[in-house]
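Overview (structure and organization)
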Amino acid sequence: MYSCGNKEQQRQGMRPGGQVVECAVRTLDTTDIQLEKTYPATIQGKQDIEIRPKISGFITKLCVDEGYVVKKGQLLFVIDDVQYKEAVNQAEATERTASLTYKNKKQLYEEQVIGDYELQTAENSLTSAKAALSTAKQNLDYCYITSPSNGVVGSIPYRVGSLVSTSNATALTTVSNIDQMYVYFSMPEKQLLEMTRKAGSAEAALKTFPSVKLRLADGSVYSEEGKVSTISGVINQTTGAVTIRADFDNPARLLRSGGSGTIIIPYDLKNAILIPQNSTVEVQNKQYVYVVDESNKIHYTEAGIDDLNNGQDYIVTSGLKLGDRIVVQGVNSLKDGMEIKPITEKEAAAKVKQAVHMGGGAQ
């Protein structure tokens, strides 16, 4: 019906017969709002320690299995210790002989039977024998591989009978300390710079960073909140992002190293001005609204908006102020300079409901 009017009526925003177009109008006010920003994240244990042999030999006993929860010092693997026990016995015998020789040489030295050279030679032999014994005992201890920390055992590629050595490319297993988890995510450099400027410094931004949440792979939100603890000092040149780490307690061991999720960062905004997203017209990545002046004429106005939004509203950063009136419905059919008849959003909703009711009755 609007298109049936003449050009002058269209320019003035009138329907045929001189009736001015009615538009739902909102007077801008401030409000407090909490929004969320999400980032893909990877989960790692506080420590992922590779377990590697320090000697060569065949595995004779496997004391744990994949996924076992272990304590620090708990036995994991046993390597064949026969040859290493023999080496200890031989080193002990050599050390005893060297000790007796030294005592004899020392007595002869005190009786001035031998000189300094013979005594020093006996002492050196004893020192060497003690070192060899210590090494033999240490190698024997290496046959019994224990966990260096509390954690969870990872995959075990070697089983009983496998020959292992220090040259193996693959570790015997990995023990992940998952009492506390490190969750890594990346934030665009631009956003980090904005946070740093607001806080005054990178250190201040880190201290004032809000507690974060973690959405797990199944869509549930993890019960423990996390605290951002580190911000990388290097920007990834490929992605233009900075790596950030958040620490989460893991008392129930629900989180596992190598997992994935989504970091949720809440933002509390005070005295924010919100505008409905459907009240804007996007042109070249910029948002425009129709501002209504005192004579009810509309003006095409650019509105600066924040990157954050709740999916329904935009947060105004510039271009609009408290008390401005904007058109919130049907903006695509309007033109700059038109005169409208402002009505409230409630009145507009009632008219739509009435029109739908009448349309249904006509059928």
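Please read all numbers here as calculations on a predicted model, not as lab measurements. (Residues numbered from 1 in each chain as written. Predicted model: local features only at pLDDT ≥ 70, side-chain atom pairs only at ≥ 80, totals over all residues. Heavy atoms only, no water.)

**Digging into the confidence of the model for the protein chain**
Predicted confidence across the protein chain gives a mean pLDDT of 89, with 93% of residues reaching 70 or more. Segment residues 1-11 is flagged for pLDDT under 50; beyond a separation of four residues in sequence, or across chains, it makes 18 contacts in the model. (pLDDT = per-residue confidence, 0-100. Contact = heavy atoms within 4.5 Å.)

**Here's the deal with the nonpolar core**
Of all hydrophobic cores here, the largest spans 31 residues; its most connected members are Phe185, Met187, Leu214, Phe248, Ile263 and Ile265. At the level of elements, strand 4 (30-51), strand 11 (173-188), helix 4 (189-199), strand 12 (213-216), strand 14 (241-249) and strand 15 (260-276) are the ones that each hand at least two residues to this core. Beyond its immediate chain neighbours, meaning those up to four positions away, Ile265 contacts Leu35, Glu36, Lys37, Tyr39, Phe185, Met187, Phe209, Pro210 and Val212. Ile59, Phe77, Ala91 and Tyr158 belong to the second largest nonpolar core, which has 22 residues in total. (Core = buried A, V, L, I, M, F, W, Y, C linked by side-chain atoms within 4.5 Å. Buried < 20%, exposed > 50% of the residue type's maximum accessible area, 1.4 Å probe, protein only. Helix = DSSP H or I, 4+ residues; strand = E, 2+ residues; numbered from the N terminus.)

**Things to note about the environment of Asn332**
Assignment of secondary structure puts Asn332 in the loop between strand 20 (325-327) and strand 21 (341-343). On the basis of relative accessible area, Asn332 is assigned to the exposed category, the value being 70%. Taking the C-alpha atoms as reference, Asn332 lies 57 Å from Gln47; in sequence the two are 285 residues apart.

**Side note on the layout of surface pockets**
In this structure, the largest pocket encloses a volume near 580 Å³. Along the wall of the largest pocket there are 18 residues; nearest its centre are Gln191, Glu194, Met195, Lys198 and Tyr267. Among the secondary structure elements, those contributing two or more residues to the lining of the largest pocket are helix 4, helix 5 (202-208), strand 15 and strand 18 (298-309). Per-element tally for the lining of the largest pocket: the top contributor is helix 4, with six residues. Considering only residue class, the lining of the largest pocket consists of ten nonpolar, two polar and six charged. (1 Å grid on protein atoms, 1.4 Å probe; cavity = no way out; pocket = protein on both sides within 12 Å on 5 of 7 lines; lining within 4 Å. Points joined across faces, edges and corners; volume = space filled by probe spheres on them. Nonpolar A, V, L, I, M, F, W, Y, C, P; charged D, E, K, R; others polar.)

**Let's talk about helix 2 (residues 82-110)**
An α-helical turn contains 3.6 residues, so any two residues separated by three or four positions project in the same direction. Counted at 1.5 Å a residue, the expected span for helix 2 with its 29 residues is 42 Å, and the 42 Å between its end C-alpha atoms agrees. Buried within helix 2 are the following residues: Tyr84, Val88, Ala91, Glu95, Ala98, Ser99 and Tyr102. Where helix 2 is buried, its residues touch helix 3 (116-141). Immediately beyond the C-terminal end of helix 2, within one or two residues, lies Gln112, with a positive phi of roughly 60°. (Expected span 1.5 Å × (residues − 1).)

**Observations concerning the packing of helix 2 against helix 3**
Remark: helix 2 packs on helix 3, axes separated minimally by 8 Å, with the N-to-C direction vectors making an angle of 160°. As the angle between them shows, helix 2 and helix 3 are arranged roughly antiparallel. Where helix 2 crosses over helix 3, the handedness of that crossing is left-handed. Taken together, the residues of the contact of helix 2 with helix 3 sort by class into 15 nonpolar, five polar and ten charged. (Axes fitted to C-alpha atoms, helices over the stretch in contact; angles between N-to-C directions. Parallel < 35°, antiparallel > 145°, perpendicular 65-115°, else oblique. Left-handed = near helix turned anticlockwise from the far one by under 90°.)

**Side note on the packing of aromatic side chains**
Counting across every chain of the model gives four aromatic pairs. Consider the rings of Tyr290 and Tyr300, whose centres lie 5.4 Å apart with planes at 45°: the pair is tilted. Here Tyr290 is found in strand 17 (residues 286-292), whereas its partner Tyr300 is found in strand 18, with ten residues between them in sequence. Residue Tyr300 is classed as partly exposed on the basis of its relative accessible area, which comes to 33%. Connected via pairs of aromatic rings, a cluster forms that spans Tyr288, Tyr290 and Tyr300. Over the aromatic face of Tyr182 sits the side chain of Arg245, whose NZ or CZ is 3.8 Å from the ring centroid. (Phe/Tyr/Trp six-rings, centres within 6.5 Å; stacked < 30°, edge-to-face > 60°. Lys NZ or Arg CZ within 6 Å of the ring centre and 35° of its normal.)

**Thoughts on the pairing of strand 15**
Looking along a regular strand, one sees side chains alternate from face to face of the sheet. The pairing of strand 4 with strand 15 spans twelve bridges and is classified as antiparallel. Across the sheet, residue Thr30 finds its bridge partner in strand 15, namely Ile273. Across four bridges, strand 12 lies against strand 15 in antiparallel orientation. Within strand 15, the residue paired with Leu216 across the bridge is Gly261. Strand direction decides the pairing type here: strand 15 and strand 19 (residues 313-318), joined by three bridges, are antiparallel. Each residue of the ladder has a partner; that of Leu274, found in strand 19, is Ile315. (Pairing = 2+ DSSP bridges.)

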